[in-house]
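The residues making up each chain are set out below.
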Amino acid sequence: MSDPLSQHTDYGQLPLNDSDVLADPVEQFRLWLANASDADVYEPNAMVLSTVDADSSPCSRTVLLRAIDNSGFEFFTNYSSNKGRELIANPAAALVFPWYSIHRQVLVQGVARPVAALLSDAYFASRPRGSQIAAHASEQSQPIASRTLLEGRVAELEAEFEGRDVPRPDDWGGFVVEPTMIEFWQGRSSRLHDRVRFVRAASGKWDRMRLQP
Ligand SMILES: Cc1cc2nc3c(=O)[nH]c(=O)nc-3n(C[C@H](O)[C@H](O)[C@H](O)COP(=O)(O)O)c2cc1C
């Protein structure tokens, strides 16, 4: 069996030429997301979200990208969870899309803000009923004595909401990360990778640079 800690993959032949990168990094991201999906990357919309707490300690976890619009990258969560509380106190956020199987990653830095309640309502209404009930049952990030207790809460909520729509919990909804930096990384042979970074200027215009690997 090979030792996973000493694996050394020489990455692909596909270059990221300056002439191939679109002027708008959000459009470039959409293109790469479509490429990742076409290449059957597992959960291509999974992104690692980093936040910082009141002591400036960083914390990372995966969430799912649910929409990209002019303002940025949207995901949904519990506003009272660790990440929710951290982002409300300090909106600085970073995202990583780790598309290892196609030798690509995208990094995003930005500012997170809650989306409009109507948007959260619409997305919540589109979720499977089981997920809607789970959003009520789980005080995300809080300790609980046992799984049985959680399953008991689910059973109670199923009875409570029987025969009617499950309303969105007040503390459940979306955030949008408005990007200030987006970097595209393409793995290349002999670790001479391509990195193209966009940084948003105060004017709103994107400045673009190539970084050393
Ligand atoms: C593939 C994957 C997708 C996930 N998507 C979400 C999501 O969209 N929203 C969410 O709140 N948690 C999601 N989670 C769970 C989070 O990683 C995390 O455990 C949870 O949100 C609690 O995080 P916190 O305590 O840092 O707030 C996902 C986990 C994985 C592995």
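To keep things clear, this report deals only with the structure shown in the data block.

1. A short note on the site of the ligand
Okay, step 1: Taken together, Glu43, Arg61, Thr62, Val63, Leu64, Phe76, Thr77, Ser81, Asn82, Lys83, Gln140 and Ser141 form the complete shell of residues around the ligand.
Okay, step 2: The separation between a nitrogen atom of the ligand and a polar main-chain atom of phenylalanine 76 is 2.9 Å.
Okay, step 3: Within the backbone of asparagine 82, one N or O atom sits 3.3 Å away from an oxygen atom of the ligand.
Okay, step 4: With the chains in place, 64% of the 620 Å² that the ligand exposes on its own is no longer accessible.
Okay, step 5: Broken down by element, the residue count for the shell around the ligand peaks at four residues, all from strand E2 (residues 58–64).

2. Thoughts on the nonpolar core
Okay, step 1: Residues Phe29, Phe73, Phe97, Trp99 and Val106 are the most contacted members of the largest nonpolar core, which totals 32 residues.
Okay, step 2: Secondary structure elements with two or more residues in this core: helix H1 (25–38), strand E1 (46–52), strand E4 (73–78), strand E5 (92–99), strand E6 (104–114), strand E7 (172–186) and strand E8 (194–200).
Okay, step 3: Per-element tally for this core: the top contributor is H1, with five residues.
Okay, step 4: Setting aside anything within four residues of it in sequence, one finds tryptophan 99 in contact with Phe29, Trp32, Leu33, Ala36, Val41, Pro44, Arg104 and Val106.
Okay, step 5: Of all hydrophobic cores here, the second largest spans nine residues; its members include Phe76, Ala137, Leu157 and Val166.

3. A look at the packing of aromatic side chains
Okay, step 1: Using the criterion set out here, one finds 14 aromatic pairs in the structure.
Okay, step 2: Between the aromatic rings of phenylalanine 29 and phenylalanine 97, the centroid separation amounts to 4.7 Å while the plane-to-plane angle is 55°, which identifies the pairing as tilted. Residue phenylalanine 29 is located in helix H1, and its partner phenylalanine 97 is located in strand E5; the two are separated by 68 residues in the primary sequence.
Okay, step 3: Overall, the relative accessible area of 0% leaves phenylalanine 29 in the buried class.
Okay, step 4: You can call phenylalanine 97 buried: its relative accessible area is 0%.
Okay, step 5: Ring plane angle 45° and centroid distance 6.2 Å describe the contact between phenylalanine 73 and phenylalanine 97, whose orientation is recorded as tilted. Of this pair, phenylalanine 73 sits in strand E4 while phenylalanine 97 sits in strand E5, and the two are 24 residues apart along the sequence. Note on accessibility: phenylalanine 73 and phenylalanine 97 belong to one class, buried.

4. What about the layout of surface pockets?
Rolled over the atoms, a probe sized like a water molecule indicates the empty space that remains.
Okay, step 1: Of the voids in this model, the largest pocket is the one considered here, and its volume is about 340 Å³.
Okay, step 2: Elements with a minimum of two residues in the lining of the largest pocket: E2, E4 and helix H4 (129–137).
Okay, step 3: If you tally residues by element for the lining of the largest pocket, the top one is E4, at four residues.
Okay, step 4: Split into classes, the residues belonging to the lining of the largest pocket amount to eight nonpolar, five polar and three charged.

5. Here's the deal with the pairing of E8
Okay, step 1: Sheet analysis places E7 next to E8, joined by six bridges and oriented antiparallel. If you follow tryptophan 185 over to E8, its bridge partner there is arginine 195.

Criteria and thresholds
Per chain, residues are indexed from 1 in the order of the written sequence. Reporting of local features is limited, given that this is a predicted model, to residues whose pLDDT is at least 70; pairs of side-chain atoms are given and counted only at 80 or more, and all residues count toward the totals for whole chains, interfaces and linings. Side-chain descriptors were evaluated using all non-hydrogen atoms of the structure, hydrogens and water having been removed beforehand. Neighbouring residues are identified by heavy atoms, a residue being near a molecule or strand if any of them is within 4 Å of it. Two N or O atoms count as a polar contact when they lie within 3.5 Å, although within protein this holds only if one can serve as hydrogen donor and the other as acceptor, and sequence-adjacent residues are included solely when both atoms are side-chain atoms. All accessible areas in this document rest on Shrake-Rupley with a 1.4 Å probe, and a residue is counted as covered only by the protein chains that are shown. Every helix listed is a DSSP run of H or I at least four residues long, and every strand listed is a run of E at least two residues long, numbered separately from the N terminus. Working definition of a nonpolar core: buried Ala, Val, Leu, Ile, Met, Phe, Trp, Tyr and Cys residues. They are joined through side-chain atoms within 4.5 Å. We call a residue buried when its accessible area falls under 20% of the maximum for its residue type, exposed when it is over 50%, and partly exposed in between, using a 1.4 Å probe and counting protein chains only. Only heavy atoms matter for contacts: two residues are in contact if any of them lie within 4.5 Å across the pair. The rule is short: rings of Phe, Tyr and Trp, with Trp giving its six-membered ring, pair when the centres are within 6.5 Å, and they are stacked under 30 degrees, edge-to-face over 60, tilted in between. Only protein atoms enter the 1 Å grid, on which a cavity is a set of points fitting a 1.4 Å probe that cannot get out and a pocket is an open set with protein on both sides within 12 Å along at least 5 of 7 lines, lining residues being those with an atom within 4 Å of a point. Grid points are joined across faces, edges and corners, and a volume is the space filled by probe spheres set on the points. The classification used treats Ala, Val, Leu, Ile, Met, Phe, Trp, Tyr, Cys and Pro as nonpolar, Asp, Glu, Lys and Arg as charged, and all other residues, Gly among them, as polar. Between any two strands, pairing holds if DSSP finds at least two bridges.

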